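# Commentary on secondary and tertiary structure
What follows is each chain in one-letter form.
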Amino acid sequence: MPNSRLRWQCRRGMRELDELLVSYLNKHYTQSTNDEKKAFQELLQLNDPELIKLLLTPYESEFESINLIIQKILITR
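The paragraphs below set out a description of the structure included in this document. (Residues numbered from 1 in each chain as written. Predicted model: local features only at pLDDT ≥ 70, side-chain atom pairs only at ≥ 80, totals over all residues. Heavy atoms only, no water.)

## Overview of the packing of helix α3 (residues 34-44) against helix α5 (residues 64-75)
Under the convention used in this document: Each axis is a line fitted through C-alpha atoms, taken for helices only over the stretch in contact, and angles between the N-to-C directions span 0 to 180 degrees. A run of DSSP states H or I qualifies as a helix once it reaches four residues; a run of E qualifies as a strand once it reaches two. Both are numbered from the N-terminal end. Under this scheme an angle from 65 to 115 degrees is roughly perpendicular, one under 35 degrees roughly parallel, and one over 145 degrees roughly antiparallel; angles in between are oblique. Here, residues are in contact when the closest pair of their heavy atoms is within 4.5 Å. Residue polarity follows a fixed list, in which Ala, Val, Leu, Ile, Met, Phe, Trp, Tyr, Cys and Pro are nonpolar, Asp, Glu, Lys and Arg are charged, and the others, Gly among them, are polar.
Contact geometry for α3 and α5: axes closest at 9 Å, N-to-C directions at 95 degrees. Here α3 is positioned roughly perpendicular relative to α5, judged by the angle of their axes. Residues Glu36, Ala39, Phe40, Glu42 and Leu43 of α3 touch α5, and the partners they reach there are Ser65, Ile66, Ile69, Ile70, Lys72 and Ile73. Taken together, the residues of the contact of α3 with α5 break down into 7 nonpolar, 1 polar and 3 charged.

## Some words on the pattern of salt bridges
Note the following rule: We define a salt bridge as a contact between a side-chain nitrogen of Lys or Arg and a carboxyl oxygen of Asp or Glu at a distance within 4 Å. Three labels apply to residues, based on accessible area from a 1.4 Å probe with only protein chains included: buried if under 20% of the type maximum, exposed if over 50%, partly exposed otherwise in between.
The final tally for this structure, using the stated rule, is 4 salt bridges. The salt bridge involving Arg12 is made with Asp48; its shortest N-O contact spans 2.7 Å. Within this pair, whereas Arg12 is found in the loop between α1 (4-10) and α2 (15-27), its partner Asp48 is found in helix α4 (residues 48-56), the two being separated by 36 residues in sequence. The exposure class of Arg12 is buried, given its relative accessible area of 17%. Accessibility expressed as a relative area gives 28% for Asp48, which makes it partly exposed. Between Lys72 and Glu36 there is a salt bridge; the shortest N-O distance is 2.9 Å. With Lys72 in helix α5 and Glu36 in helix α3, the pair connects residues that are 36 residues apart, well separated along the chain. Judged by relative accessible area, which is 36%, Lys72 ranks as partly exposed.

## Details of the side chain of Gln9
Inspection of the secondary structure puts Gln9 in helix α1. Taking relative accessible area as the criterion, Gln9 reaches 11% and is therefore assigned buried.

## Description of α5
The line we're drawing: Expected span of a helix: the number of residues minus one, times 1.5 Å.
Counted at 1.5 Å a residue, the expected span for α5 with its 12 residues is 16 Å, and the 16 Å between its end C-alpha atoms agrees. Elements that come into contact with the buried residues of α5 comprise α2, α3 and α4.

## Quick look at α3
Cut-off, in case you're wondering: The directions considered for the arc are those from the helix axis to the C-beta atoms.
Within the sequence span of α3, burial applies to Glu36, Ala39, Phe40, Leu43 and Leu44. The arc that holds every buried residue of α3, seen down its axis, measures 140 degrees, which confines them to one face. What points out from α3, more than 90 degrees from its buried face, is the exposed set Asn34, Asp35 and Lys38. Along its buried surface, α3 packs onto α1, α2, α4 and α5.

Remember, this is a structural readout, not a statement about activity or role.
Following this line, the structure appears as structure tokens:
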């Protein structure tokens, strides 16, 4: 099971973000590759407006690893 620190970082106070992030954490994080885990942790370091743009609009990050983890999050919801 993922650690409580990651779970706390997934709680953003916006229902849509919380559901996407916590769902990925609960269902897929432990089976993810180390690169995917690192990308997810980097994603969680972003501020809420950036997360909203990345997860809820067609906007893409300049970092391919972030874009790949976002695709996984959105596909697996």
